[in-house]
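Structural characterization, general
Chain by chain, the residues run as shown.
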Amino acid sequence: IVQFLPRNSHEPPLVFHFFPVIGSTVTYGMDPPRFFKENRAKYGDCFTFILLGKKTTVYVGTQGNDFILNGKIRDVCAEEIYTVLTTPVFGKDVVYDCPNSKLMEQKKFMKIALTTDAFRSYVPIISDEVTNYFKKSADFKGKSGIVNLPPKMAQITIFTASHALQGKEIRDKFDETLADLYHDLDMGFSPINFSLHWAPLPWNNRRDHAQRTVAKIYMDTIKERRARGETGAQDMMMHLMNSEYKGGVKVPDHEIAHMMIALLMAGQHSSSSTSSWIMLRLASRPDIMQELYQEQIDNLGADLPPLQYEDLAKLPLNQAIVKETLRLHAPIHSIMRAVKQPMPVPGTKYVIPTDHVLLAAPGVSASDPQYFPNPDLWDPHRWEQGSANAPSIVRNEVEEDDEKIDYGYGLVSKGAGSPYLPFGAGRHRCIGEQFANVQLQTIVAVTVRHFQFSNVDGSDKVIGTDYASLFSRPLEPAPIRWERRDNAVAV
Ligand code: HEM
């Protein structure tokens, strides 16, 4: 009944719902992109819905992305939303458990370690990890087989990321204790923990035990490295050990440990989901997987020498595979911010009050026919100049944004106006974008050297999306057929 009473005309339209507190929680949770699309058609780019009793205002489209992601620090706040979930998992005093100015410094420290030189050393590491994985895995023995791919891609992602970013010592611990501990940490990231993060439930107890144990493993490693007098190494941990906050305060060991957890967790979900989607898409289009193989032969040589960082730039289709998959399957479908003071929406009569949460969904503009012809078609070739499905605005407007801004962790593209923002925009923009690209492109390039994939029934179908966890990912089981290439390393 309340919904039919005259509303404050300065608030965006409210999505119709039957039950007061539940509101649209169920329809949103089942398929957020469809929920955004349908309600955009009914109410326009800016509308409010009830999410677990909270008025949540969605603002989609390029203006909406800009309004929320580039919101001023006095207007919008991420930590107020995320800290209940992330602090028990990452630990104290990092990311959202500290003032935003401190996070900006922490992002600067982490970003400094992600240089071209570092990437150069990561490609052989990632490449070897992938090859060894396929050699050792019982699921890839013989000439061909069927495998449920997402759990395999999750392992490949964590092995490659931990080895590249945290060194061999930590990577080796994933074969022993760390894999199970990270699995327990992961349970802290389930959406139910937005409300029950504090509860003494079995999975929260395991999360807390895992957090303490993993942090101790990192802190012990830091102490050992100091005791050994190590200084020269270029990995992330060493960079953090040598970093100082403004005012000359060294980063304390517990913060380094917590940042290491945060980095691995932040990257793991997004990159593992993306690598699964890439492989599932390739299984649905074996012709494109073959093209990728041919691209390496044409551009790197028929003997396929060991992959180097510089090679990645010579493989445009390999790059486009990652880009196009992120366009359709960005793992973060909803980015939330608390509203700190009433925010007028430029060009409209709306003012967003402080009891609303703002929700940005950059995936909506990334699948908008206004920018991407045949938006639902997975077409990696659309990123080639002159392609029929090329983005309708000039390419570098989509890829780069002229306006750069420094939030304290180096110049970043503001992203305002770009319909393609899988890595976000503004002060909370991803610092892992380049690493993720290097990691994913290397995983794809090495995998196509070994295998040809197809769907088990030979069709071009693609499995649906699982929105039950915070990061969207393919529904499971997601089996594919693999066939070893004739010339691939026999195992
Ligand atoms: C932030 C996406 C990989 C570290 C973000 C944000 C997005 C995103 C959309 C913005 C969140 C917000 O505004 O609230 C992705 C995708 C990835 C990926 C799609 C892979 C395909 C990585 C990796 C790392 C990483 C590999 C670490 C090496 C971070 C960090 C933040 C972030 C530290 C900053 C959080 C903040 O400032 O609030 N990422 N990410 N990400 N990401 Fe990533």
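So, how was this worked out
- Residues numbered from 1 in each chain as written.
- Predicted model: local features only at pLDDT ≥ 70, side-chain atom pairs only at ≥ 80, totals over all residues.
- Heavy atoms only, no water.
- pLDDT = per-residue confidence, 0-100.
- Contact = heavy atoms within 4.5 Å.
- Donors = N, O, S within 2.8 Å, 3.2 Å for Na, K, Ca; no water.
- Helix = DSSP H or I, 4+ residues; strand = E, 2+ residues; numbered from the N terminus.
- Buried < 20%, exposed > 50% of the residue type's maximum accessible area, 1.4 Å probe, protein only.
- Pairing = 2+ DSSP bridges.
- Phe/Tyr/Trp six-rings, centres within 6.5 Å; stacked < 30°, edge-to-face > 60°.
- Axes fitted to C-alpha atoms, helices over the stretch in contact; angles between N-to-C directions.
- Salt bridge = Lys/Arg side-chain N within 4 Å of Asp/Glu carboxyl O.
- Arc of directions from axis to C-beta.
- Near = heavy atom within 4 Å.
- Nonpolar A, V, L, I, M, F, W, Y, C, P; charged D, E, K, R; others polar.
- Polar contact = N/O pair within 3.5 Å; in protein donor to acceptor, adjacent residues only side chain to side chain.
- Expected span 1.5 Å × (residues − 1).

To continue, consider the confidence of the model for the protein. Of the residues in the protein, 95% reach a pLDDT of 70 or more, and the chain-wide mean stands at 92. Scored below 50 in pLDDT, residues 394-398 makes eight contacts in the model with residues more than four places away or belonging to other chains. The ipTM for the predicted assembly is 0.99, set against a pTM of 0.95.

The next thing to look at is the coordination of the iron atom of the ligand. With respect to protein ligation, the iron atom of the ligand binds only Cys-430 (SG), at 2.3 Å. Residue position: Cys-430 is located in the loop between β10 (411-413) and α18 (433-450).

A separate point is the pairing of strand β5 (residues 335-339). Regular strands show a simple pattern: their side chains alternate between the two faces of the sheet. For β5, the tally of buried residues reaches five of five residues, placing the bulk of the element in the interior. Alternating residues of β5 divide into Ile-335, Arg-337 and Val-339 and Met-336 and Ala-338, and every residue in both groups is buried. Note: strand β3 (residues 76-77) against β5, two bridges, orientation antiparallel. Following the sheet pairing, Cys-77 is matched in β5 by Ala-338. Here four bridges tie β5 to strand β8 (residues 356-360), and the two strands are oriented antiparallel to one another. The residue bridging Ile-335 from the neighbouring strand is Ala-360, located in β8.

Below, the discussion takes up the packing of aromatic side chains. Evaluation of the coordinates by the stated rule reveals 26 aromatic pairs. With a centroid separation of 5.9 Å and an interplanar angle of 55 degrees, the aromatic rings of Tyr-28 and Phe-36 are classed as tilted. Side by side, Tyr-28 and Phe-36 carry an identical accessibility label, which is buried. An angle of 40 degrees between the planes, with centres 5.3 Å apart, marks the rings of Tyr-82 and Tyr-96 as tilted.

Further remarks concern the sheet that holds strand β11 (residues 451-455). Reading across the sheet, the three strands line up as β4-β14-β11 and stay open at both edges, with antiparallel pairing between neighbours. Strands at the two margins of the open sheet, each flanked by one partner only, are β4 (144-148) and β11. Strand-to-strand twist in this sheet, taken as the mean axis angle between neighbours without regard to direction, amounts to 30 degrees. Pairing of β11 with strand β14 (residues 479-484), which is carried by five bridges, proceeds in the antiparallel orientation. Across the sheet, Phe-453 pairs through a bridge with Trp-482, a residue of β14. Lying on the sheet, helix α12 (residues 253-284) is in contact with β11 and β14; it crosses β11 at an angle near 75 degrees. Across the sheet, α18 is in contact with β11 and β14; its angle to β11 comes to roughly 90 degrees.

It is worth spelling out the pattern of salt bridges at this point. Throughout the structure, instances matching the rule amount to 28 salt bridges. A salt bridge links Asp-139 to Lys-152; the nearest nitrogen and oxygen atoms lie 2.8 Å apart. Highlighted residues: Asp-139 in the loop between α6 (116-136) and β4 and Lys-152 in helix α7 (residues 149-173), separated in sequence by 13 residues. According to the relative accessible area criterion, Asp-139 is partly exposed, its value standing at 35%. Across the pair Glu-324 and Arg-382 runs a salt bridge whose closest N-O atoms are separated by 2.9 Å. You can see Glu-324 sitting in helix α15 (residues 316-329) and its partner Arg-382 sitting in the loop between α16 (362-366) and α17 (395-399), a full 58 residues away along the chain.

Quick look at the sheet that holds β8 now. An order of β1-β2-β8-β5-β3 is seen for the five strands of this open sheet, with the pairing classed as mixed. One side of each edge strand has no neighbouring strand; the edge strands of this open sheet are β1 (46-51) and β3. Seen against the sheet, helix α3 (residues 61-69) touches β2 (54-59), β3, β5 and β8 and runs at an angle of roughly 125 degrees to β2. Along the sheet face, helix α4 (residues 79-90) touches β3, β5 and β8 and points at about 120 degrees away from the line of β5.

Our next topic: helix α8 (residues 178-186). Taken together, the buried positions of α8 are Leu-178, Leu-181, Tyr-182, Asp-184 and Leu-185. Within α8, the buried residues cover an arc of 155 degrees as seen down the axis, which keeps them to one side. Buried-residue contacts for α8 involve α4, α7, α10 (202-227) and α12.

On to the site of the ligand. Neighbouring the ligand are 25 residues; Tyr-96, Lys-107, Arg-337, His-428 and Cys-430 lie closest to it. At the level of elements, α5 (100-112), α12, β5 and α18 are the ones that each hand at least two residues to the shell around the ligand. No other element matches α12, which puts six residues into the shell around the ligand. Each residue belonging to the shell around the ligand can be placed in one class, and the counts come to 16 nonpolar, seven polar and two charged.

This brings us to the side chain of Ser-365. Looking at the element boundaries, Ser-365 is found in helix α16. The exposure class of Ser-365 is buried, given its relative accessible area of 1%. One polar contact links the side chain of Ser-365 to the main-chain carbonyl oxygen of Pro-419, over a distance of 3.0 Å. With residues near it in sequence (within four places) discarded, Ser-365 still touches Gly-61, Thr-62, Asn-65, Tyr-371, Phe-372 and Pro-419.

Now for α15. With 14 residues, α15 should cover 20 Å at 1.5 Å per step; its first-to-last C-alpha distance of 20 Å lies within 8% of that length. Buried residues dominate α15, accounting for eleven of its 14 residues. All of the buried residues in α15 are Leu-317, Asn-318, Ala-320, Ile-321, Val-322, Lys-323, Glu-324, Thr-325, Leu-326, Arg-327 and His-329.

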